[in-house]
Amino acid sequence: MLKPAPEPPSHEITPELVYVRRRELIRNGARILGTAAAVGAGLTWLVHAAPAPDAPEAPAIAVATVPPVAAAEYDVPDEPRTSYQSVTTYNNFYEFGLDKDDPARNAHTLQTRPWAIEVAGEVRQPRTIDIDDLLKWFPLEERVYRMRCVEAWSMVIPWLGFPLGDLVKRLEPTGNAQFVLTLIAVGLYGRMLPNQNGAPLRLVVPWKYGFKGVKSIVKINFTSTQPRNSWQIASPHEYGFYANVNPAVDHPRWSQATERRIGELGRRKTLPFNGYAEQVADLYADMDLRVNF
Ligand SMILES: Nc1nc2c(c(=O)[nH]1)N[C@H]1C(S)=C(S)[C@@H](COP(=O)(O)O)O[C@H]1N2
Ligand SMILES: [Mo]
């Protein structure tokens, strides 16, 4: 059974982040539009990063340069958003327990400050970055994505974050990397990311099963060889490297043809690439997706 969303503790809202982003907002607004009026317009975005109807009142994250309304290509307009309560109390975060309500109960023990991210591997300059420095690098934008867990349940979540591609460019890997649609999330529903959802930094790859969405990232390692992920190591015949959402390829223990959308009765048909085929299917055009699951 789901517990009600806990009141956000005041430390969840990082004052430094809000302060820093407000300054950045003013700077970006000035740079991009060059007028005092534009700066004023920017400041209004700060206050209407709309929280969920059922989200407890809390200051919104400052959103610089991109209005906190998902652009059409990053929205799921015909499918209702999963409630804030469900998004933050029905979680997979095995470090904090195996039941769905364990992370919401236990993740308060996660200390998200200080927080360092190690950048290693085939990159111009291996180094360690402090989360509060990294958070100043990019404007935040809202993207509403479907999320489909390999366990055949799904949600629709309004994330707040920045494109992984922008981060990768800034880290200067020596090889060529290409990223479509992929977001690094630092918030959801216009608020700071709760610990149970992977604070302070979490990957969102909407066309892949949820287990590719690494929570609470501490290291980014650029490699030229395909790494093995934890779930592959745990059970390679059940969880593959690609992990593309695919209704035609069943999990060995259950069908992937349909899914339970949290908060809805009945089931929905699972869409190829979780509904993002138009954007990403060509990346896998030459692949046998039964072998490369
Ligand atoms: N570090 C870590 N990240 C993780 C997991 C985990 O157990 N540990 N579970 C994954 C799985 S299986 C899913 S479905 C999503 C769930 O994200 P949510 O709880 O924010 O909905 O997180 C993914 N990221
Ligand atoms: Mo999952």
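The following paragraphs examine the structure supplied in this document. (Residues numbered from 1 in each chain as written. Chains lettered and ligands numbered in written order. Predicted model: local features only at pLDDT ≥ 70, side-chain atom pairs only at ≥ 80, totals over all residues. Heavy atoms only, no water.)

1. A few points about the overall build of the chain
Secondary structure summary: the chain contains 8 helices and 10 strands in total. Taken across its 293 residues, the chain has 50% of its residues classed as buried. The long-range share in the chain, meaning contacts at least 24 apart out of those at least 6 apart in sequence, stands at 66%. Summed over its atoms, the accessible surface of the chain is roughly 14,600 Å², and 56% of this surface lies on carbon and sulfur atoms. (Helix = DSSP H or I, 4+ residues; strand = E, 2+ residues; numbered from the N terminus. Buried < 20%, exposed > 50% of the residue type's maximum accessible area, 1.4 Å probe, protein only. Contact = heavy atoms within 4.5 Å. Areas by Shrake-Rupley, 256 points an atom, 1.4 Å probe, with all protein chains shown as cover.)

2. Some thoughts on the nonpolar core
Counting 65 residues, the largest nonpolar core has Trp159, Phe162, Leu167, Leu171 and Leu201 as its most contacted members. Top contributing element to this core by residue count: strand 4 (residues 153-163), with 7 residues. (Core = buried A, V, L, I, M, F, W, Y, C linked by side-chain atoms within 4.5 Å.)

3. Comments concerning the packing of aromatic side chains
Remark: the centre distance and the inter-plane angle together describe each pair of aromatic rings, the angle taken between the planes. In total, this model carries 14 aromatic pairs according to the counting rule given. Centre to centre, the rings of Tyr74 and Tyr145 are 6.5 Å apart; their planes meet at 85°, and the pair counts as edge-to-face. Of this pair, Tyr74 sits in the loop between helix 2 (36-47) and helix 3 (84-89) while Tyr145 sits in strand 3 (residues 141-148), and the two are 71 residues apart along the sequence. There is no split in this pair, since Tyr74 and Tyr145 are both buried. (Phe/Tyr/Trp six-rings, centres within 6.5 Å; stacked < 30°, edge-to-face > 60°.)

4. Concerning the pairing of strand 5 (residues 183-188)
Strand 5 sits mainly inside the fold: 6 of its 6 residues count as buried. Across 5 bridges, strand 4 lies against strand 5 in antiparallel orientation. Bridging from a neighbouring strand, Gly161 pairs with Ala185 of strand 5. Judged from the 3 bridges that link them, strand 5 and strand 7 (residues 202-204) form a sheet pairing that is antiparallel. (Pairing = 2+ DSSP bridges.)

5. Things to note about the sheet that holds strand 1 (residues 116-121)
Taken together, the 3 strands give an open sheet; going across it, the order is 2-1-8, and neighbouring strands pair in mixed fashion. Looking along the sheet, the strands with just one partner apiece sit at the ends: strand 2 (127-130) and strand 8 (219-222). Pairwise comparison of adjacent strand axes, ignoring direction, gives a mean angle of 20° for this sheet. One ladder, built from 4 bridges, connects strand 1 with strand 8; its direction is parallel. Note on strand 8: the bridge partner recorded for Val119 is Ile220. Set on the sheet, helix 6 (residues 164-171) makes contact with strand 1, strand 2 and strand 8; between it and strand 8 the angle comes to about 70°. (Axes fitted to C-alpha atoms, helices over the stretch in contact; angles between N-to-C directions.)

6. With respect to the site of ligand 1
Around ligand 1 there are 14 residues in total, and Asn91, Tyr94, Glu95, Gly213 and Lys215 lie nearest to it. Taking Asn92, its main chain carries an N or O atom lying 3.3 Å from a nitrogen atom of ligand 1. Arg202 has a polar side-chain atom sitting 2.9 Å from an oxygen atom of ligand 1. When grouped by side-chain class, the residues that make up the shell around ligand 1 number 6 nonpolar, 5 polar and 3 charged. (Near = heavy atom within 4 Å. Polar contact = N/O pair within 3.5 Å; in protein donor to acceptor, adjacent residues only side chain to side chain. Nonpolar A, V, L, I, M, F, W, Y, C, P; charged D, E, K, R; others polar.)

7. Re the environment of Arg267
Considering the arrangement of structural elements, one finds Arg267 in the loop between strand 9 (258-261) and strand 10 (268-269). C-alpha of Arg267 to C-alpha of Trp153: the two residues are 114 residues apart in sequence and 9.0 Å apart in space. The residues contacting Arg267, other than those within four sequence positions of it, are Ala152, Thr258, Glu259 and Arg260. In terms of polar contacts, Arg267 uses its side chain to reach the side chain of Thr258, at 2.8 Å.

8. Structural notes on empty space enclosed by the protein
One pass over the structure, following the stated rule, counts 1 cavity of 30 Å³ or more. Estimates place the volume of the largest cavity at around 80 Å³. The wall of the largest cavity is formed by 14 residues, among which Met147, Val204, Val205, Lys208 and Gly210 lie closest to the centre. Breaking the lining of the largest cavity down by element, the ones donating at least two residues are strand 3 and strand 7. Within the lining of the largest cavity, the residues separate by chemical class into 7 nonpolar, 2 polar and 5 charged. (1 Å grid on protein atoms, 1.4 Å probe; cavity = no way out; pocket = protein on both sides within 12 Å on 5 of 7 lines; lining within 4 Å. Points joined across faces, edges and corners; volume = space filled by probe spheres on them.)

9. Details of the pairing of strand 2
Alignment of strand 1 against strand 2, held across 4 bridges, turns out to be antiparallel. Residue pairing across strands places Val119 opposite Arg127, the latter belonging to strand 2. Count of turn residues in the strand 1/strand 2 antiparallel hairpin: 5 residues.

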